[in-house]
Amino acid sequence: MSEAAKPPRPQFRNIHLTQIAGYRMPLAAIVSIMHRISGLFLFLMLPFVLFLLDSSLLSEGTFDYLKGFTSGWFVKLVILALSWAYLHHFCAGIRHLIMDNHIGLDKDSARKSSATVLVVSITLMVLVALKLFGAF
Amino acid sequence: MADNNIGPKRLVVGAHYGLRDWLAQRATAVVMAVYTVILLVCFFTSTNFSYQGWAALFSHQWFKVATFAVFMALFFHAWIGVRDALMDYVKPVGVRLVLQVATILWLIGCAGYAAQILWRN
């Protein structure tokens, strides 16, 4: 049987970035793409995080300088964004690890766990924001 | 296997690179999660957060080694993740190769910086 006679096989490709707006995004898909975005953001911010660690450990002087540096609203926003990225990546990662063990793979459980990831990570981010901007 | 491993029947996968990296990404994730929890516990149980307490925690050789190991886990984890994203979204081979090399150089640079921070004195 010749290859040409067969009907063309369906091709399943990754959703390209430019196509995301055209897709219906269930909660699990939102958590998934945010997992990528937060991971890439953390990757790009690595030198900044290392700089913060560096300043916090180098000497008492740089530690105090860091306190001043991180008291500005813009730096606080950057740290808040980093906190969100870490919290989301952490929570969504634990969901991944659980699902890798074949737990909660059906549609309903997957939707519930993705909602849990969003609720937990956003709640913790709000707590970090309140702490950062001096509510408690 | 040997006599039909030719032409269209040739087995083009099987070195388990994909599985190995997938598993490594999970293992490094667990290492980082455990370290995160330990660091948060240290942070929240210290009654008076000061430079002395913070620097003292990082003055132990075992803690430097553990932190460096976690950083290396992080860089390996990030490499697999960024490589996966590049393979998904960047189709031109030349551009992808350049970005992958840049990713590796970025992470090696970060590893050097991390080592310098931990073992300055």
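For clarity, every value in this text was computed on a predicted model and none was experimentally measured.

Brief notes about the overall build of chain A
1) Next: Along chain A, the regular secondary structure elements total 5 helices and 0 strands.
2) Next: Element order for chain A, N to C, with α for helix and β for strand: α-α-α-α-α.
3) Next: Its C-alpha radius of gyration of 21 Å places chain A more than 25% over the 14 Å reference for a compact globule of 136 residues.
4) Next: Each of the 136 residues in chain A was classed as buried or not, and the buried ones make up 32%.
5) Next: A separation of at least 24 residues holds for 71% of the contacts in chain A among residues at least 6 apart in sequence.
6) Next: The centroid of the 12 positive side-chain charges in chain A is displaced by 12 Å from the centroid of its 7 negative side-chain charges.

Some details on the overall build of chain B
1) Next: Looking only at helices and strands, one finds 4 helices and 0 strands in chain B.
2) Next: Its helices and strands in sequence order give chain B the pattern α-α-α-α, from N to C terminus.
3) Next: Relative to its length of 121 residues, chain B is extended, with a C-alpha radius of gyration of 20 Å against a globular reference of 14 Å.
4) Next: Considered along the principal axes of its C-alpha atoms, chain B spans approximately 70 × 30 × 25 Å.
5) Next: Looking at chain B as a whole, 34% of its 121 residues qualify as buried.
6) Next: For chain B, restricting intrachain contacts to residue pairs at least 6 apart in sequence, the fraction spanning at least 24 positions comes to 68%.
7) Next: Accessible area of chain B: about 7,800 Å², with a carbon and sulfur share of 74%.
8) Next: With 9 positive and 4 negative side-chain charges, chain B shows a spacing of 8 Å between the two charge centroids.

Some words on the interface of chain A and chain B
1) Next: Counting from both sides, the interface comprises 27 residues of chain A and, opposite them, 32 residues of chain B.
2) Next: Overall, the association of chain A and chain B removes approximately 2,700 Å² of surface from exposure, summing both partners, and the carbon and sulfur fraction of that is 68%.
3) Next: It is A:Phe43, A:Leu50 and A:Leu57 that lose the most area in chain A upon contact with chain B, and together they represent 23% of the buried surface on that side.
4) Next: Here chain A is connected to chain B by 3 salt bridges.
5) Next: The residue B:Arg26 makes a salt bridge to A:Asp100 at a minimum N-O spacing of 2.8 Å.
6) Next: When residues of the side of chain A that touches chain B are traced back to their parent elements, those giving at least two are helix H1 (27-44), helix H2 (46-58), helix H3 (60-69) and helix H4 (73-100) of chain A.
7) Next: Broken down by element, the side of chain A that touches chain B gets its largest block of residues, 9 residues, from H2(A).
8) Next: Considered class by class, the residues forming the side of chain A that touches chain B number 17 nonpolar, 6 polar and 4 charged.

Considerations on H2(A)
One full turn of an α-helix is made of 3.6 residues, so residues set three or four places apart face in the same direction.
1) Next: Its 13 residues place the ends of H2(A) 18 Å apart at the C-alpha level, agreeing with the 18 Å of an ideal helix rising 1.5 Å per residue.
2) Next: Of the positions making up H2(A), those classed as buried are A:Leu46, A:Phe48, A:Leu50, A:Leu52, A:Leu53, A:Asp54, A:Ser55, A:Ser56 and A:Leu57.
3) Next: At its buried positions, H2(A) is contacted by H1, H3 and H4 of chain A together with helix H2 (51-57), helix H3 (61-89) and helix H4 (93-118) of chain B.

So, the nonpolar core
1) Next: Within the largest apolar cluster, 30 residues are counted, with the highest numbers of intra-cluster contacts made by A:Leu53, B:Phe58, B:Phe71, B:Phe75 and B:Leu107.
2) Next: For this core, the leading source of residues is H3(B), giving 9 residues.
3) Next: The contact partners of B:Phe58, leaving out residues within four places of it in the chain, are A:Leu53, A:Leu57, B:Tyr35, B:Phe63, B:Lys64, B:Thr67 and B:Leu118.

A look at the side chain of A:Ser55
1) Next: Position of A:Ser55 among the secondary structure elements: in helix H2.
2) Next: Residue contacts for A:Ser55: discarding those within four places in its chain leaves A:Thr62, A:Phe63 and A:Leu66.

Reading guide: rules and limits
Residues numbered from 1 in each chain as written. Chains lettered and ligands numbered in written order. Predicted model: local features only at pLDDT ≥ 70, side-chain atom pairs only at ≥ 80, totals over all residues. Heavy atoms only, no water. Helix = DSSP H or I, 4+ residues; strand = E, 2+ residues; numbered from the N terminus. Rg over C-alpha atoms; globule rule 2.2 N^0.38 Å. Buried < 20%, exposed > 50% of the residue type's maximum accessible area, 1.4 Å probe, protein only. Contact = heavy atoms within 4.5 Å. Lys, Arg positive; Asp, Glu negative; His and termini not counted. Charge placed at Lys NZ, Arg CZ, Asp CG, Glu CD. Areas by Shrake-Rupley, 256 points an atom, 1.4 Å probe, with all protein chains shown as cover. Buried area = accessible area lost by both parts, 1.4 Å probe. Salt bridge = Lys/Arg side-chain N within 4 Å of Asp/Glu carboxyl O. Nonpolar A, V, L, I, M, F, W, Y, C, P; charged D, E, K, R; others polar. Expected span 1.5 Å × (residues − 1). Core = buried A, V, L, I, M, F, W, Y, C linked by side-chain atoms within 4.5 Å.

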